[in-house]
Amino acid sequence: MTNPILENLKTRRSVRKYLPKQVEQEKLDLILEAGTYAPTGMGMQSPVIVAVQDPQTIERLAQLNAKIMGRDGNPYYGAPTVLLVLADRERGTRVEDGSCVLQNMMLAAHSLGLASCWIHREREMFDSDEGKQLLAQWGITQPLCGVGGLALGYPDGELPQPKPRKEGYVVKIL
């Protein structure tokens, strides 16, 4: 049996090289909307999604992320769009809620011919003084915790091949 949703799940891959072509507004809006339909604990919708396409802001985010990682380079792999997911610091399900948002957006991006890669260290980024300054600059004042980010854009090259699924991934108790 074939199913387009299952096919999308099976063929999505993390991409680490992007074309400089910017994501079109219509596609970006669909991806962001998909994020807003992610399940959240008790339906509280605690996450906040920040979409960044300004090259100077992306560069600043990349420098902050790389500094936390202790490396040089661009942790967003040169993607022309970066999506940041933060969630209400007070919610016990903040990480799970934000993770579901990120997954929805990755799958939506793939279905629209775009590529993405989940990026870490946003928690540390937005716990830092510089990260807090960025949030304030963007008008975000509620107490949020960084959950993750997405590098988003058109892939530069073929999608990576999937690894074989590991033995014992699923245990059935029937």
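For every chain, the first residue of its written sequence is number 1, and the numbers climb from 1 along that sequence. Reporting in this predicted model follows two pLDDT cut-offs: at least 70 for local features of residues, and 80 or more for side-chain atom pairs to be given and counted; totals over whole chains, interfaces and linings ignore these cut-offs and use all residues. As a rule here, side-chain values cover all heavy atoms of the structure and leave hydrogens and water aside.

A word on the overall build of the protein
Counting from the N terminus, the helices are DSSP H or I runs at least four residues long and the strands are E runs at least two residues long. A tally of helices and strands in the protein yields 6 helices and 4 strands. Mapped from its N terminus to its C terminus, the protein presents α and β elements in the order α-α-β-α-β-α-β-α-α-β. Here the globule rule reads 2.2 Å times residues to the power 0.38, and the radius of gyration is calculated from C-alpha atoms. Taken over the C-alpha trace, the protein has a radius of gyration of 17 Å; the compact-globule value for 174 residues is 16 Å, and the two agree within 12%. With respect to the principal axes defined by its C-alpha atoms, the protein has extents near 50 × 40 × 35 Å. By residue count, 40% of the 174 residues in the protein fall in the buried class. Contacts are assigned to residue pairs with any non-hydrogen atoms lying within 4.5 Å of each other. Across the protein, contacts joining residues at least 24 apart in sequence account for 84% of those joining residues at least 6 apart. Areas reported here follow the Shrake-Rupley algorithm with a probe of radius 1.4 Å; residue values treat only the protein chains shown as occluding. Element-wise, carbon and sulfur atoms account for 54% of the exposed surface of the protein, whose accessible area totals about 10,400 Å². Any residue under 20% of the maximum accessible area for its type is buried, any over 50% is exposed, and the rest in between are partly exposed; the area is computed with a 1.4 Å probe on protein chains only.

Observations regarding the packing of aromatic side chains
Working definition: rings of Phe, Tyr and Trp (its six-membered ring) pair if their centres are within 6.5 Å, and the pair is stacked with planes under 30 degrees apart, edge-to-face with planes over 60 apart, and tilted otherwise. Counted according to the given criterion, the structure contains 1 aromatic pair. Taking 6.2 Å as the distance between ring centres and 55° as the angle between the ring planes, the aromatic pair formed by phenylalanine 126 and tryptophan 138 counts as tilted. Of the two residues, phenylalanine 126 is situated in helix H5 (residues 122-127) and tryptophan 138 in the loop between helix H6 (129-137) and strand S4 (144-153); the sequence distance between them amounts to 12 residues. Here, a charge over a ring is recorded when the distance from Lys NZ or Arg CZ to the ring centre is within 6 Å and its angle to the ring normal is within 35 degrees. Sitting over the ring of tyrosine 154, lysine 21 keeps its end group 4.4 Å from the ring centre. Between the NZ or CZ atom of lysine 166 and the centre of the ring of tyrosine 169, over which it lies, the distance is 4.9 Å.

Looking at empty space enclosed by the protein
Once rolled over the atoms, a probe with the size of a water molecule shows which space is left empty. For cavity detection a 1 Å grid was placed over the protein atoms alone, and a set of points counts as a cavity when a 1.4 Å probe fits there but cannot get out; an open set counts as a pocket when protein lies on both sides within 12 Å along at least five of seven lines, with lining residues being those that have an atom within 4 Å of a point. Grid points are joined across faces, edges and corners, and a volume is the space filled by probe spheres set on the points. Taken as a whole, this structure holds 1 cavity of 30 Å³ or more when the rule is applied. There is about 30 Å³ of room inside the largest cavity. As for the largest cavity, its lining consists of Arg12, Arg13, Met106, His110, Leu114, Ala115 and Ser116. Looking at the lining of the largest cavity, the elements that each hand over two or more residues are helix H4 (94-111) and strand S3 (115-119). Gly counts as polar in this scheme, as do all residues outside two lists: the nonpolar Ala, Val, Leu, Ile, Met, Phe, Trp, Tyr, Cys and Pro, and the charged Asp, Glu, Lys and Arg. Broken down by class, the residue content of the lining of the largest cavity amounts to 3 nonpolar, 2 polar and 2 charged.

Re the pattern of salt bridges
Salt bridges are counted wherever a side-chain nitrogen of Lys or Arg sits within 4 Å of a carboxyl oxygen of Asp or Glu. Using the criterion set out here, one finds 5 salt bridges in the structure. Here lysine 21 ties to glutamate 24 by a salt bridge, and the two come within 3.5 Å at their closest N and O atoms. Among the residues examined, lysine 21 registers a relative accessible area of 43% and is labelled partly exposed. We note a salt bridge from arginine 89 to aspartate 127, for which the minimum N-O separation is 2.5 Å. Of this pair, arginine 89 sits in the loop between strand S2 (81-88) and H4 while aspartate 127 is found in helix H5, placing the two residues 38 residues apart along the sequence. Overall, the relative accessible area of 32% leaves arginine 89 in the partly exposed class. With relative accessibility at 30%, the residue aspartate 127 sits in the partly exposed group.

Describing the sheet that holds S4
One open sheet accounts for 4 strands, arranged S1-S2-S4-S3; its pairing is antiparallel. The open sheet has two edge strands with one neighbour each: strand S1 (47-52) and S3. Put simply, the sheet's adjacent strands are angled 20° from each other on average, direction ignored. Here an axis means a line fitted to C-alpha atoms, over the contact stretch when the element is a helix, while the angle between two N-to-C directions is reported on a 0 to 180 degree scale. Set on the sheet, H4 makes contact with S1, S2, S3 and S4; between it and S4 the angle comes to about 10°. DSSP bridges decide pairing: two strands pair if at least two such bridges lie between them.

A closer look at the side chain of aspartate 97
Turning to its location among the elements, aspartate 97 is positioned in helix H4. Think of it this way: Lys and Arg go in the positive column, Asp and Glu in the negative one, and His and the chain ends go nowhere. Within the buried set, aspartate 97 has no salt-bridge partner at all; the shortest N-O distance to an opposite charge, 4.7 Å, is to arginine 91. Among residues more than four places away in sequence, those in contact with aspartate 97 are Pro39, Thr40, Gly41, Ser46 and Pro47.

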